[in-house]
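This is what each chain is made of:
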Amino acid sequence: MKQIAVVLDGLKQKISHGSTFIQRSYNSIGQATFHLPKPIRPETLQAFQAEFEQPLPSEYQTFFELHDGAKLFMLGDEGLVLYPLEEVIEKTIEAKGDGLIDEDYGHYWIIGEQIAKRVEHPQTQIMRYDGYRAFAEQLPRPLPGWE
């Protein structure tokens with residue numbers, strides 16, 4: 001069984017047992033919600049790989065075979081979002097158009113983001129914003145120097 005499948009199975013067991021109470025920084029606590037949609041159709045995945053002329057990393061492909069995206073550890077609007085394949089395509093094309101992914105790095109895809117609100121910490125007057133976009137890269141095989 002692929003590692004991503006093992007991790008998702010463990011997460012689903014925790015959810016089914018009600019182990020979803022989490023705490024984030026700045027006293028943001030509560031019952032997290034999780035949304036794990038149905039898997040992607042195999043022909044959609046094949047069409048994506050043919051269009052971009054390269055396979056997805058095997059664990060990422062396995063993820064799509066299990067779920068087309070996910071929303072994890074959500075407290076309200078905050079949490080980790082792994083985009084469905086259609087949104088991966090859309091966000092990646094947008095990032096390339098905005099110059100965030102150089103043409104020489106066509107093997108990078110925008111796969112998700114952490115959504116968190118801007119917070120002012122009252123004791124230190126520090127403004128903090130959590131947020132990032134995740135990139136997936138298909139590494140060359142074998143890795144250089146690891147032959």
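Note that the structure is a prediction, hence the values are computed from the model and not measured. (Residues numbered from 1 in each chain as written. Predicted model: local features only at pLDDT ≥ 70, side-chain atom pairs only at ≥ 80, totals over all residues. Heavy atoms only, no water.)

## A short note on helix α1 (residues 3-16)
Let me state the cut-off plainly: Secondary structure elements follow DSSP: runs of H or I of four or more residues count as helices, runs of E of two or more count as strands, with numbering from the N terminus. What a helix should span is 1.5 Å times the count of its residues minus one. The cut-offs for exposure are 20% and 50% of the maximum accessible area for each residue type, with area from a 1.4 Å probe on protein chains only; residues under the lower value are buried, those over the upper are exposed, and the others partly exposed. Arc definition: directions from the helix axis to the C-beta atoms. When checking whether two residues touch, look at their non-hydrogen atoms; a contact exists if any pair is within 4.5 Å.
Taking 1.5 Å as the rise per residue, α1 with 14 residues should run 20 Å; its terminal C-alpha atoms sit 20 Å apart, in good agreement. Those residues of α1 that sit buried are Ala5, Leu8 and Leu11. All buried residues of α1 lie within an arc of 125° about the axis, which places them on one face of the element. Elements that come into contact with the buried residues of α1 comprise β3 (33-35), α3 (58-66) and β4 (70-75).

## Points about the packing of helix α2 (residues 42-52) against helix α4 (residues 85-97)
Let me state the cut-off plainly: The convention used is that axes are lines fitted to C-alpha atoms, helices contributing only their stretch in contact, and that angles between N-to-C directions extend from 0 to 180 degrees. Reported orientations rely on four angle classes, namely roughly parallel under 35 degrees, roughly antiparallel over 145, roughly perpendicular from 65 to 115, and oblique for the rest. A clockwise turn of the near helix away from the far one marks a right-handed crossing, whereas an anticlockwise turn of less than a right angle marks a left-handed crossing. We call Asp, Glu, Lys and Arg charged. Ala, Val, Leu, Ile, Met, Phe, Trp, Tyr, Cys and Pro are nonpolar, and the rest, Gly among them, are polar.
Relative orientation of the contacting elements α2 and α4 amounts to 20°, with a least axis distance of 11 Å. Classified by the interaxial angle, the pair formed by α2 and α4 is roughly parallel. When the axes of α2 and α4 are compared, the crossing they make is left-handed. On the side of α2, the interface is formed by Thr44, Leu45, Phe48 and Phe52, while α4 contributes Leu85, Glu86 and Ile89. Here the contact of α2 with α4 is composed, by residue class, of five nonpolar, one polar and one charged.

## Some details on a negative patch on the surface
To keep it simple, the criterion reads: Only residues whose relative accessible area exceeds 30% and that form no salt bridge are eligible for patches; like-charged ones are grouped when within 9 Å, while nonpolar side chains (Val, Leu, Ile, Met, Phe, Trp, Tyr) are grouped when within 5 Å. Per-residue and other accessible areas follow the Shrake-Rupley method at a 1.4 Å probe size, with only the shown protein chains counted as cover for residues. For salt bridges, the criterion is a side-chain nitrogen of Lys or Arg within 4 Å of an Asp or Glu carboxyl oxygen. Here Asp and Glu are counted as negative and Lys and Arg as positive; His is not counted, and neither are the chain ends. To locate a charge, take NZ of a lysine, CZ of an arginine, CG of an aspartate or CD of a glutamate.
A cluster of acidic side chains, namely Glu86, Glu90, Glu94 and Asp98, defines a negative patch on the protein surface. For Glu90, the location among the structural elements is in helix α4. Here Glu90 falls in the partly exposed class, since its relative accessible area comes to 48%.

## A few points about the pattern of salt bridges
Within this structure, the stated rule accounts for one salt bridge. As a salt-bridge pair, Arg41 and Glu43 come within 2.7 Å of each other at their nearest N and O atoms. Among the residues examined, Arg41 registers a relative accessible area of 53% and is labelled exposed.

## Observations regarding the nonpolar core
We count it as follows: Nonpolar cores are built from buried Ala, Val, Leu, Ile, Met, Phe, Trp, Tyr and Cys residues. Side-chain atoms within 4.5 Å join them into one set.
Counting 27 residues, the largest nonpolar core has Phe48, Leu56, Tyr60, Phe64, Leu85, Val88 and Trp109 as the members making the most contacts within it. Breaking this core down by element, the ones donating at least two residues are α1, α2, α3, β4, α4 and β6 (108-115).

## Here's the deal with the packing of α1 against α3
In contact at an axis separation of 8 Å, α1 and α3 are set at 45° when each is read in the N-to-C sense. With respect to each other, α1 and α3 are oriented oblique. Contact residues: α1 offers Gln3, Ile4, Ala5 and Leu8, while α3 offers Glu59, Thr62, Phe63 and Leu66. The residue makeup of the contact of α1 with α3, split by class, is five nonpolar, two polar and one charged.

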